[in-house]
Amino acid sequence: MDKYTVLEVLENIADGNISDVDFMWSDEEDGNADGNADDARSPTIGEDRDEPGEDRDEPPPVVEEEIEIEAEEGQDQEDREDYEHEHEADVEPGDDPFTNITKKSDIQWRRHTRFTPVETTWESPTSDPPEPLTPYGYFKQYVPSQMFELMSTMTNIYAEQNGVRGYKHASASEIEVLVGLHMAMGVLGLPRVRMYWSSSINIGIFTETMSRDRFFQLRSNLHVVNNHERPPGDTDVFFKVRPIYESIRKRCLQLQLEEDLCIDEQIVPFRGKLSVIQYIKGKPTPWGVKIYFLCGKSGLAYDFLIYQGATTELSKKSKNILGHGASVVFHLCQRIQNPNHKLFFDNYFTTYNILEVLAEKKIHAAGTARLCRFANPPLKPDKEMSKKTRGNHDEVISRDGKVVLVKWFDNRSVVLASNFVGVGDEDEIERWDKKERQYVKIKRPEVVKKYNKAMGGVDKLDQLISLYRIDIKSCKWPLRMITHAFDVAVVNSWLEFRRDNESKGTQPQKIMDLLEFKMNVAEVLVRSGKPQG
């Protein structure tokens, strides 16, 4: 039915030509004028809500997991956009890279055909490895002296604005001491901050460098920006810490990429007041600020994106076409300029269209998948596969041959989607059999092998940070984010340090471990502001 203006509707109703019921649009009949009957209520934790333009007849997402699949609980609507999005938006001809993507209604699958492997030969860089630096030299590439100068200036400004009594202006070297002491706390791990200045323990790096009261005074006023100079209309939730994260990211973007890469989420532990706090079930610290990382399998970070709800720095066009998770992948993969890198991610990010887009960029991608995002392919059901030998698999290929889905049944099923490898060359792995009470050998598809080998990069970065994290108890989120930035800088510095030493042939046992490395950086920072004489 044609739509009329409000005035025309009222005139027709007044004349008796039509009734007001006739003017209920199809979307109003479904629930409300926005075409979403669920908008009248708030989403609950673990609940997916349909977006306008999505297929309402499809079943809810089926999370079939086996390999470190993360649950997406407690994330807000902007973060939980459904990837079942069927594209009705007009795409301009020649628009790259979304011109040739397939609509969900056009996805078709075929069986009984082996997926043709894609050429994935990767040419490693031939440049000579750099000469290893000192631990402090690596750290300075992430947090240069100019950053400490900026922090001292902004800390002084904030203290003046708030009229802090008895405050003495801090120098850049004093801020370096403050950061160094925090790093030392992460290594030593005493249960209470005041204990570091206890006369009974007598830890010289604290008692001989900065008084306890001065430490707390500087920490409570620590700032990276002038809060009164926020640009009009700025929607950046993390405006207060943006400079230090941009400094770290600048160095990450300069690093030489590895062949195998992965994208995953990291959580900065925080339970205070902040509009974009997330809860992700299964994470070691499920509550906090979410950061998307692009890492190598070594754990080295090459790029990252801080999640901030609707204002997350993602292209509006890519979000409309791909969905939120897939647009994160599209955003971070702009870092990948050379062909034949392998990129892996979990089912939160995997869609049919992102695999198409990455294939056009010659990025070979694979990830765990939710069947409802792939037009419900005709894979064998779990009930049928569970009756067969453990380690059996099923494989279907898209009609155009660009995407392959592999379902593998170990203890339970897992589905993986890829644009470069399917079942491929299977290998054998050992699994414990409860019934026979012994290890048995089962077959494993090649895509599962490659995924397991490369997917743990972000988790490794997380683990390394957690070993000697600057554990600070504060309700101020900027302080929590600043200390996390220093943790990321130290861990990435150490991973660089280890890589460069290994490339020079240094024996692993002679390479400084992370604990010694972080303490070395802390001591150099503390010495820079320690009173002389």
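Relevant structure appears above.
Bear in mind that the values here come from a model prediction, so they are computed numbers and not experimental data. (Residues numbered from 1 in each chain as written. Predicted model: local features only at pLDDT ≥ 70, side-chain atom pairs only at ≥ 80, totals over all residues. Heavy atoms only, no water.)

Engineer: Got a sec to walk through the packing of helix α4 (residues 145-161) against helix α5 (residues 172-188)? Specific residues and values, please.
Structural biologist: Put simply, α4 and α5 touch, their axes get as near as 8 Å, and they point 100° apart. Overall, the two elements α4 and α5 adopt an arrangement that is roughly perpendicular. Where α4 abuts α5, its residues Phe 148, Glu 149, Met 151, Ser 152 and Thr 155 lie against Ala 172, Ile 175, Glu 176 and Val 179. In terms of residue class, the contact of α4 with α5 is built from 5 nonpolar, 2 polar and 2 charged. (Axes fitted to C-alpha atoms, helices over the stretch in contact; angles between N-to-C directions. Helix = DSSP H or I, 4+ residues; strand = E, 2+ residues; numbered from the N terminus. Parallel < 35°, antiparallel > 145°, perpendicular 65-115°, else oblique. Contact = heavy atoms within 4.5 Å. Nonpolar A, V, L, I, M, F, W, Y, C, P; charged D, E, K, R; others polar.)

Engineer: Account for the nonpolar core, with residues named and values stated.
Structural biologist: One finds Phe 139, Met 183, Leu 343, Phe 345 and Phe 486 to be the most contacted residues of the largest nonpolar core, which totals 144 residues. Considering every element that reaches this core, the biggest residue donor is helix α15 (residues 477-503), with 13 residues. The contact partners of Phe 345, leaving out residues within four places of it in the chain, are Ile 263, Val 329, Thr 350, Ile 354, Leu 355, Leu 358, Ala 365, Ala 366, Gly 367, Thr 368, Tyr 451 and Met 455. (Core = buried A, V, L, I, M, F, W, Y, C linked by side-chain atoms within 4.5 Å. Buried < 20%, exposed > 50% of the residue type's maximum accessible area, 1.4 Å probe, protein only.)

Engineer: Describe unusual backbone geometry, listing the residues and the values that go with them.
Structural biologist: A positive phi is found at Asn 202, a non-glycine position, where the angle reads about 55°. Locating Asn 202 in the fold gives a position in the loop between α5 and α6 (204-207). Phi angles above zero are rare outside glycine, and Ala 375 is one such case at about 60°. Along the polypeptide, Ala 375 turns up in the loop between β7 (364-368) and α12 (382-386). According to the relative accessible area criterion, Ala 375 is partly exposed, its value standing at 23%.

Engineer: Explain the pairing of strand β10 (residues 413-418) residue by residue, including any values.
Structural biologist: Among the 6 residues that make up β10, 6 are buried, leaving the element largely enclosed by the rest of the structure. Judged by which residues are buried, β10 turns out to be covered on both faces: Ser 413, Val 415 and Ala 417 on one side and Val 414, Leu 416 and Ser 418 on the other are all buried. Bridge analysis of β7 against β10 gives 3 bridges, and the strand direction is antiparallel. The partner of Ala 366 across the bridge, within β10, is Ser 418. Where strand β9 (residues 404-409) meets β10, 6 bridges bridge the pair, whose relative direction is antiparallel. Its bridge partner being in β10, Trp 408 is matched across the sheet by Val 414. (Pairing = 2+ DSSP bridges.)

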